[in-house]
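Here's the letter readout for the chains.
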Amino acid sequence: LPGIWGCTCILGSLIALLSPSGLRIQDYLYFQVLSPGDIRYIFTETPAKDFGGAFSQRYDQIHLVTARPPEACGELNNGAFIQGQTHWWGGEGCSFLSKTRVIQELGGRAVIIADNASDNDSVYVEMIQDNSGRTADIPALFLLGKDGYMIQRSLEQHGLPWAVISIPVNVSSIPTFQLRQPPWTFW
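Residues numbered from 1 in each chain as written. Predicted model: local features only at pLDDT ≥ 70, side-chain atom pairs only at ≥ 80, totals over all residues. Heavy atoms only, no water.

Observations regarding the overall build of the protein chain
Quick note on the threshold: The helix count covers DSSP runs of H or I at least four residues long, the strand count covers runs of E at least two residues long, and both are numbered beginning at the N terminus. Accessible area is worked out with a 1.4 Å probe on protein chains only. A residue is then buried under 20% of its type maximum, exposed over 50%, and partly exposed in between. Residues count as neighbours in contact if any of their non-hydrogen atoms are within 4.5 Å of one another. Reported accessibility uses the Shrake-Rupley method at a 1.4 Å probe radius. Residues are deemed covered only where the shown protein chains occlude them.
Secondary structure assignment for the protein chain yields two helices and nine strands. Put simply, the protein chain runs from its N terminus to its C terminus through helices and strands in the order β-β-β-β-β-β-α-β-β-α-β. Out of the 187 residues in the protein chain, the part that is buried amounts to 51%. Restricting the contact set of the protein chain to residue pairs at least 6 apart, pairs at least 24 apart contribute 77%. Only carbon and sulfur atoms are counted for the fraction: they give 49% of the accessible area of the protein chain, which is about 8700 Å².

Spelled out as structure tokens, the structure:
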């Protein structure tokens, strides 16, 4: 597997992914970047396979905060911005679960992990438990490397510490002609 690069995001609006019985009803989750405008697209991500919590509500206009340092394996330089937000991160150094726990302990609502392969526009990684016996209660999601790279690049170009997003987004309720998908990703 390629290394995981630094983006931990705290989510703003979420649509429930679970039925009342708690069973997953879809394999993908979608979020929309609201700001900055040059990446105002709907992105696809996959939930962790066997750890992390489930979304029980929709979050609108929440901050997607980039982890500093991007590995998010220990203390973060911008930890004060994490509480109540979605965190985005990557970088090598520790397991998906360890990264999720760092964000959870800082009060984050969810974590989005993108791989460091900036050309990966189609291969989703299954994020699995690390056999440490630890757990995480917040949702953990995987984002394609190309999508993560393009979001991070936009934030850097605009000098922004975070993006504003809504998550999850129910794409079945949006007319096809209104779906703004990233032009670099095949749907």
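Moving on from the coordinates now.
A look at helix α2 (residues 145-158)
Here is the rule we go by: A helix is expected to reach a length of 1.5 Å times the quantity of its residues less one.
Between its first and last C-alpha, α2 extends 20 Å over 14 residues, near the 20 Å set by a 1.5 Å rise per residue. All buried positions along α2 are accounted for by Gly-145, Asp-147, Gly-148, Met-150, Ile-151, Gln-152, Ser-154 and Leu-155. Just downstream of α2 lies Gly-159, where phi reads positive at about 65°.

Some words on the nonpolar core
Going by this rule: The term nonpolar core refers to a set of buried residues drawn from Ala, Val, Leu, Ile, Met, Phe, Trp, Tyr and Cys, joined through side-chain atoms within 4.5 Å.
Phe-31, Val-33, Phe-43, Leu-64, Leu-143, Ile-151 and Ile-165 are the most contacted members of the largest nonpolar core, which has 22 residues in total. The set of elements that each furnish at least two residues to this core consists of β3 (29-35), β5 (59-66), β7 (110-115), β8 (140-143), α2 and β9 (162-167). Residues Phe-51, Leu-97, Val-102 and Phe-142 belong to the second largest nonpolar core, which totals 19 residues.

Examining the packing of aromatic side chains
This is how it is decided: Here a Phe, Tyr or Trp ring, Trp counted by its six-membered ring, pairs with any other such ring whose centre lies within 6.5 Å, and the pair is stacked when the planes are under 30 degrees apart, edge-to-face when over 60, and tilted otherwise.
Enumeration according to the criterion identifies seven aromatic pairs in this entry. On the numbers, 6.3 Å between centres and 40° between planes, the contact of Phe-43 with Trp-184 is tilted. In this pair, Phe-43 sits in strand β4 (residues 42-47) while Trp-184 sits in the segment after β9, placing the two residues 141 residues apart along the sequence. For Phe-43, a relative accessible area of 0% translates into the label buried. These aromatic residues form a ring-pair network of at least three members: Phe-31, Tyr-41, Phe-43 and Trp-184.

Some details on the pattern of salt bridges
Filter applied, for reference: For salt bridges, the criterion is a side-chain nitrogen of Lys or Arg within 4 Å of an Asp or Glu carboxyl oxygen.
Enumeration over the complete set of coordinates arrives at four salt bridges. Where Lys-49 meets Glu-126, a salt bridge forms, and the shortest distance between an N and an O atom there is 3.4 Å. Within this pair, whereas Lys-49 is found in the loop between β4 and β5, its partner Glu-126 is found in the loop between β7 and β8, the two being separated by 77 residues in sequence. Considered together, Lys-49 and Glu-126 belong to a single accessibility category, that of exposed residues.

Focus: the confidence of the model for the protein chain
Going by this rule: How sure the predictor is of each residue is captured by pLDDT, a score from 0 to 100.
Residues at a pLDDT of 70 or more form 82% of the protein chain, whose mean pLDDT is 82. Mean pLDDT across the elements of the protein chain bottoms out in strand β2 (residues 8-10) (36) and peaks in β3 (96). Below pLDDT 50 for its whole length, residues 1-26 participates in 144 contacts with residues either more than four positions away or in separate chains.

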